[in-house]
Every structure is written in C-alpha cells, then in structure tokens.
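Chains, contacts and geometry: an overview
Listed below are the residues making up each chain.
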Amino acid sequence: MFDWDDLKYLLALARNGSTIAAAKALGVNQSTVQRRVAEFERKIGRPATVRSAGGYRLNEFGHSLLVDAERVEASVLDLERHIADRSNDISGVIRLTCPEPIVFRMTAFIERFHARYPGLRVEFVTSDRYLDLSKGDADVAFRSGDTDEELVGRKVADSLWAVYASRAYIEAHGQPAEIGDLVRHPLVAFDETLSAHRALQWLSIVAPGARMAARNNSVLGLVYSVRSGIGIGPLPTAIGDAEADLVRVLGPIPELARAWRLLAHPDVRRTPRVSAFFDFVANEKEALKAILTG
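Residues numbered from 1 in each chain as written. Predicted model: local features only at pLDDT ≥ 70, side-chain atom pairs only at ≥ 80, totals over all residues. Heavy atoms only, no water.

Considering the layout of surface pockets
Going by this rule: Cavities and pockets are defined on a 1 Å grid built over the protein atoms alone: a cavity is a set of grid points where a 1.4 Å probe fits but cannot escape, while a pocket is an open set with protein on both sides within 12 Å along at least five of seven lines, and lining residues are those with an atom within 4 Å of any such point. Grid points are joined across faces, edges and corners, and a volume is the space filled by probe spheres set on the points. Starting at the N terminus, helices and strands are each numbered in turn, a helix being any DSSP run of H or I of at least four residues and a strand any DSSP run of E of at least two. Residues are sorted three ways: Asp, Glu, Lys and Arg are charged, Ala, Val, Leu, Ile, Met, Phe, Trp, Tyr, Cys and Pro are nonpolar, and all the rest, Gly among them, are polar.
Taken as a whole, the second largest pocket spans an internal volume of roughly 260 Å³. Surrounding the second largest pocket, 14 residues form its lining, Asp-5, Leu-7, Lys-8, Glu-73 and Val-76 being those nearest its centre. Broken down by secondary-structure element, the contributors of at least two residues to the lining of the second largest pocket are α1 (6–16) and α5 (66–89). Of all the elements, α5 adds the most residues to the lining of the second largest pocket, at six residues. Among the residues making up the lining of the second largest pocket, the classes are represented as nine nonpolar, no polar and five charged.

Right, here's the structure in full:
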C-alpha cells in the first residue's frame, strides 16, 4: 500500500489550500508536495485531488479520507511522544572502547548523543588493543579488522589505510613512487606486541629487510614518528589526512582495508542503554563515515 508519510502531504494540502502554501508549511519544495501526493494517488489507485485554476485541491474522495488521515496523524504524534518520553527515562553509563586517536574526533558526535539521551553518558575506555567485551571490559566497541564471532553489531564505515610521509621527509629524501620502493626508505611500524596487526604483516611482505626507523605500540605513536620525519609508514586515512604536516604518498592500500563495526556482546546489546546507542549510530552513519574513514 501507500507510504504513511504521504498522508502528511495530503493533510497539508487540505489545510493550506494549495501546494505552494502546503510546501511552505512543511518546509519543502512545491514539487515535493506534488510528487508525494501523486505517489499516494498512484499507490491507492484513484485520484484524491483535482487541478483547478488556483492549483491542486482535494476532490470529494480526498475529503472523505481526511478524518481517517487525521486519526493516523494523531496516532503517529502520540507514538513519537511516547518514544521521546521513554528515551528521556533511559539512564546510565555506556562504556565505549575505540582506538585512542578516534576519541577526539568523536566529541561532537557524542555531544549529540547526550543531547538526544540526557540520562545517558558515554565513558571512553581507550586502547589500541582489543578489550574483551564478553568479560565486561567495555559495553560497546568501534572496531575494525578481525573480531570475535561471539559479538554482534553492524558495519558503520570503511577502515582505510595509506602510506604517509612528512613534508620535511619528502623534501630531504623524496617519496616512494610505488609499493616496491618502500624497501629503500626507513619505515615506521608497530612493534612485536602488535605482531598480528595487518599493517605490520603487510610491511613484512612488501618491504622485507627494510630498515625500521621506529616501532610503536599505538597508532598515535605511529603518527608522532611519521610526523617527526624519521621515516614513513602506514596510517589510517582518517588520521593521516587530518595531519597538516603529512602527505599521503601511497594508497589507500587494498590489503589493509577493513570494515568499521559497532559491536557488543549479545547480552549487553539488548539492554535499553546500549540499544539506544545502536539506534543513534544507525541514524548518524554519514557523520561516522567522516570520523572513521575521513
């Protein structure tokens, strides 16, 4: 059948007398009102409006729908108020773990969440290593790469990595033209505590025997080392592109691409506070793409 939201345009036309006035009342273009009313008529299989010298107006059949349409409108408004009231009732703390460099990029996002759910507060638990959600180390996680099959969640963005160098490094030593050139440059990489990380494994394959200028146990450590000009190395594009002193010299690297996911343990996922966070993230996916992918 028809989209219930189309009734809003039919009611606006009835109450305001023309598509121009209805569009102003709804804050949309006149063509939007015409299109949505026409789509409603197409779905129900008969006209509810008629064209006149002053524009469109409801015909007899359209007027016969108004009482039921207003009843639907009232029910939707009641449902929205009920949802808003329940949202305001939810309270508690959500412990969110994600890589430390992402935290400062999420300030505005988290502030919008707090405004939507004033009874909830997000508490960051930062680590470059995966915390164990099944043991309660955190409630939810923004995580890229391989993950525990026991966790549930949804994809929210792409995780892309590229190779970066500082402007000072490029001026002094040049830059690689292709991946095969990496072996001739001093590299910055993770240390052995993160030996399973895909970035370190990729470097060991494409640049075996290359000289390591620095090893770090965090993404922030990689950023600082590359920015210092002592070497070049792979970084998340969201972070590397945001650094004014860094230049993307290769990539994104397909072998390093993964998906960012919002994850939780199944038992925690069903709690009202975590469900509220998941619902908010679903509505903010475009904002998250800018934060997590760049």
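Once you've had a look at it, read on.
Points about the pattern of salt bridges
In plain terms, the rule: The working definition used for a salt bridge is a side-chain nitrogen of Lys or Arg within 4 Å of a carboxyl oxygen of Asp or Glu. Exposed residues in this analysis have more than 50% of their type's maximum accessible area, buried residues have under 20%, and partly exposed residues fall in between, with area computed by a 1.4 Å probe over protein chains only.
Here the structure, examined in full by the defined rule, presents 18 salt bridges. Between Asp-5 and Lys-8 there is a salt bridge, and its shortest N-O distance comes to 3.4 Å. Residue classification places Lys-8 among the partly exposed residues on the basis of a relative accessible area of 38%. The salt bridge partner of Glu-286 is Lys-289, with a shortest N-O separation of 3.2 Å. Taken together, the residues span about one helical turn, with Glu-286 and Lys-289 both in helix α14 (residues 285–292) at a distance of three residues. Here the residues in one salt-bridge network are Asp-3, Asp-5, Asp-6, Lys-8 and Arg-36, joined through shared partners.

That is the geometry; function is a separate question.
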